[in-house]
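Structure at a glance
Listed here are the chains, written in short residue letters.
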Amino acid sequence: MSYAPTSREQENTGFRCAHCGREVPAHPGGSYRNHCPYCLWSVHVDIAPGDRAADCQAPMRPEAVDHSGKKGYILIHRCTVCGAVDRNKLAPDDDLDVLISLQRPA
Ligand SMILES: [Zn+2]
Ligand SMILES: [Zn+2]
């Protein structure tokens, strides 16, 4: 069986966050980096995770943290322009203080 790299692996590069302006390094686990680990904002570039198929390009605000038994903690983003909602796994270096501030009392 041959091994071909997926588009997700090709997308594991650093970028400058459009919201806080900090330089974001590539994902430490080699996974696809979806959002800024400092402010947790994202950018609306995907229709399906990692596909870079959206034309919107607007900032996506981190709205809430959800927990899924299989995937662990999930960060929910909403696009500030078109209102699209995205669910993303946390990265190991995401800022816990920012995450906790998103948690709403039940
Ligand atoms: Zn940021
Ligand atoms: Zn959008």
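For the structure itself, consult the block above.
Now for a description of the structure that goes with this document. Counting starts from 1 at the beginning of each chain's written sequence and moves along it residue by residue. Chains and ligands are labelled sequentially in the order written, the chains with letters from A and the ligands with numbers from 1. Where local features are concerned, this predicted model is filtered to residues with pLDDT of at least 70; where side-chain atom pairs are given and counted, the filter is 80 or more; whole-chain, interface and lining totals use all residues. Hydrogens are left out, water is left out, and the side-chain values use all remaining heavy atoms of the structure.

To continue, consider the pairing of strand β6 (residues 85-89). Burial along β6 is one-sided: Asp86 and Asn88 are buried, while Val85, Arg87 and Lys89, pointing the other way, are not. As paired strands, strand β5 (residues 72-79) and β6 are joined by five bridges and run antiparallel to one another. Bridging from a neighbouring strand, Ile74 pairs with Lys89 of β6. A pair of strands is labelled paired if DSSP reports no fewer than 2 bridges between them. Think of it this way: any DSSP run of H or I at least four residues long counts as a helix, any run of E at least two long counts as a strand, and we number them from the N terminus. Between the end of β5 and the start of β6, which pair antiparallel, lie five residues, with Gly83 showing a positive phi angle near 80°. Whether a residue is buried, partly exposed or exposed follows from its accessible area with a 1.4 Å probe, protein chains only, as a fraction of its type maximum: under 20%, in between, or over 50%, in that order.

Right, let's talk about the coordination of the zinc ion (ligand 2) for a bit. Summarising the metal site, the zinc ion (ligand 2) is bound by the protein donors His44 (ND1), Cys56 (SG), Cys79 (SG) and Cys82 (SG), whose distances to it range over 2.0 to 2.4 Å. For the zinc ion (ligand 2), the four donor atoms in the first shell make angles of 101 to 124° at the metal, a pattern classed as tetrahedral. Every donor residue of the zinc ion (ligand 2) comes from the same chain, spaced as H-x11-C-x22-C-x2-C. Note that His44 is positioned in the loop between β3 (42-43) and β4 (59-68) and Cys82 in the loop between β5 and β6, a separation of 38 residues in sequence. A donor here means an N, O or S atom no more than 2.8 Å from the metal, or no more than 3.2 Å when the metal is Na, K or Ca. Since water is not included, a site may seem to lack partners. Geometry is assigned from donor-metal-donor angles: four donors are tetrahedral when every angle falls between 85 and 135 degrees, four are square planar and six octahedral when opposite donors sit over 155 degrees apart with all other angles between 65 and 115, and any other arrangement is irregular.

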